[in-house]
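# Coordinate inspection notes
Listed here are the chains, written in short residue letters.
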Amino acid sequence: VVLHHAIAAYPAWPEYWNIIGAHYYLAATNINGVAKARSAWKEGMKFRIQVPDPKHPVTRGMQDFDTHDETYKLFDVSDECHPLLTTDEPLSNKVIAWAKTYKGARVVYIQSGHDHFAYENPNYQQIVRQAIQWVARKS
C-alpha cells in the first residue's frame, strides 16, 4: 500500500514506476522522447472524491465524499491501474487512487494522506484499512 508522498520516491528507478503504476516528476524531463512537465501539488484543498467502483474490495461500502487534503497533478498513471478514487478538481489528476498487480503482488496507491485533515476523515481510514486487507489477501 503506497500512500501520498511515496509516489515521488525513487525518482531515478524506473522499476519503482512499474511497481506502483505511476510516475511523479520531480523536475521537467523527457521520457522516451516525450517532454514531461514537473508534477504539481497544492496544499489545503477542499474537494469531492468519487468512488467509480464501489464493488472493488478496497472501496466496498464507500460512497463519494468530501475531503480536505493536498492534490497532485501532472503525473502519469499506467493503463494497468484500476481506478478506485477519482476527482473532478482541476488542480488534481483525475485518478487519485488505484489498484494493480505487480508480478503477482497486489498494489494499491492512495494519493490522499497529507496531514491530520486526511487522517481524521473516516473515508480515508476506511480505504486505507481495506487496501491493507486486500493487499494482504485478507479480503
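Up top you'll find the structure we're talking about.
Presented here is a report on the structure given in the accompanying data block. (Residues numbered from 1 in each chain as written. Predicted model: local features only at pLDDT ≥ 70, side-chain atom pairs only at ≥ 80, totals over all residues. Heavy atoms only, no water.)

## Regarding the overall build of the chain
- The helix and strand inventory of the chain stands at three helices and 10 strands.
- For the chain, the α and β elements follow one another from N to C terminus as β-α-β-β-β-β-β-β-β-β-β-α-α.
- A compact globule built from 139 residues would reach a C-alpha radius of gyration of about 14 Å, and the chain, at 14 Å, matches this within 12%.
- Dimensions of the chain along its principal axes, counting C-alpha atoms only, are 40 × 35 × 25 Å.
- Scored against the burial criterion, the 139 residues of the chain give a buried share of 43%.
- Once local pairs closer than 6 in sequence are excluded, the contacts in the chain between residues at least 24 apart make up 56%.
- Surface exposure of the chain reaches about 7,400 Å², of which carbon and sulfur atoms provide 55%.
- On the chain, the mean spot of the 15 positive side-chain charges and the mean spot of the 14 negative ones are 6 Å from each other. (Helix = DSSP H or I, 4+ residues; strand = E, 2+ residues; numbered from the N terminus. Rg over C-alpha atoms; globule rule 2.2 N^0.38 Å. Buried < 20%, exposed > 50% of the residue type's maximum accessible area, 1.4 Å probe, protein only. Contact = heavy atoms within 4.5 Å. Areas by Shrake-Rupley, 256 points an atom, 1.4 Å probe, with all protein chains shown as cover. Lys, Arg positive; Asp, Glu negative; His and termini not counted. Charge placed at Lys NZ, Arg CZ, Asp CG, Glu CD.)

## As for the sheet that holds strand β9 (residues 95–102)
- Strand order in the open sheet formed by four strands is β1-β10-β9-β8, and the pairing between neighbours is mixed. At either margin of the open sheet sits one strand with a lone partner, and together these are β1 (2–3) and β8 (82–86).
- Where β1 lies against strand β10 (residues 105–110), two bridges are found, and the strand directions are parallel. Within the sheet, the bridge partner assigned to Leu 3 lies in β10 and is Ile 110.
- This element, helix α3 (residues 122–135), spans β1, β8, β9 and β10 of the sheet and lies at about 165 degrees to β10. (Pairing = 2+ DSSP bridges. Axes fitted to C-alpha atoms, helices over the stretch in contact; angles between N-to-C directions.)

## Topic: a nonpolar patch on the surface
- Together, Val 1, Leu 3 and Ile 132 make up an exposed nonpolar region whose accessible area comes to about 230 Å².
- Judged by relative accessible area, which is 40%, Val 1 ranks as partly exposed. (Patch = residues over 30% accessible without salt bridge, like charges linked within 9 Å, V, L, I, M, F, W, Y side chains within 5 Å. Salt bridge = Lys/Arg side-chain N within 4 Å of Asp/Glu carboxyl O.)

## What about the environment of Gln 130?
- Note on placement: Gln 130 falls in helix α3.
- Residue classification places Gln 130 among the buried positions, given a relative accessible area of 12%.
- Each C-alpha atom, one on Gln 130 and one on Val 58, is 4.8 Å from the other, the two residues being 72 residues apart in sequence.
- Residue contacts for Gln 130: discarding those within four places in its chain leaves Pro 57, Val 58, Thr 59 and Arg 60.
- A polar atom in the side chain of Gln 130 sits 2.8 Å from the backbone oxygen of Val 58.
- Of note is the side chain of Gln 130, whose polar atom sits 3.2 Å from the backbone oxygen of Arg 60. (Polar contact = N/O pair within 3.5 Å; in protein donor to acceptor, adjacent residues only side chain to side chain.)

## A closer look at α3
- With 14 residues, α3 extends 20 Å from end C-alpha to end C-alpha; this agrees with the ideal 20 Å at 1.5 Å per step.
- Buried within α3 we find Tyr 124, Gln 126, Ile 127, Val 128, Gln 130, Ala 131 and Trp 134.
- Among the structural elements, β1, β8, β9, β10 and α2 (116–119) are those in contact with the buried residues of α3.
- Capping the start of α3, Asn 121 holds a side-chain oxygen 2.8 Å from the backbone nitrogen of Asn 123, two or three residues further along.
- Of the residues one or two after α3, Arg 137 is the one with positive phi, at around 60 degrees. (Expected span 1.5 Å × (residues − 1).)

Geometric values such as these leave the question of function open.
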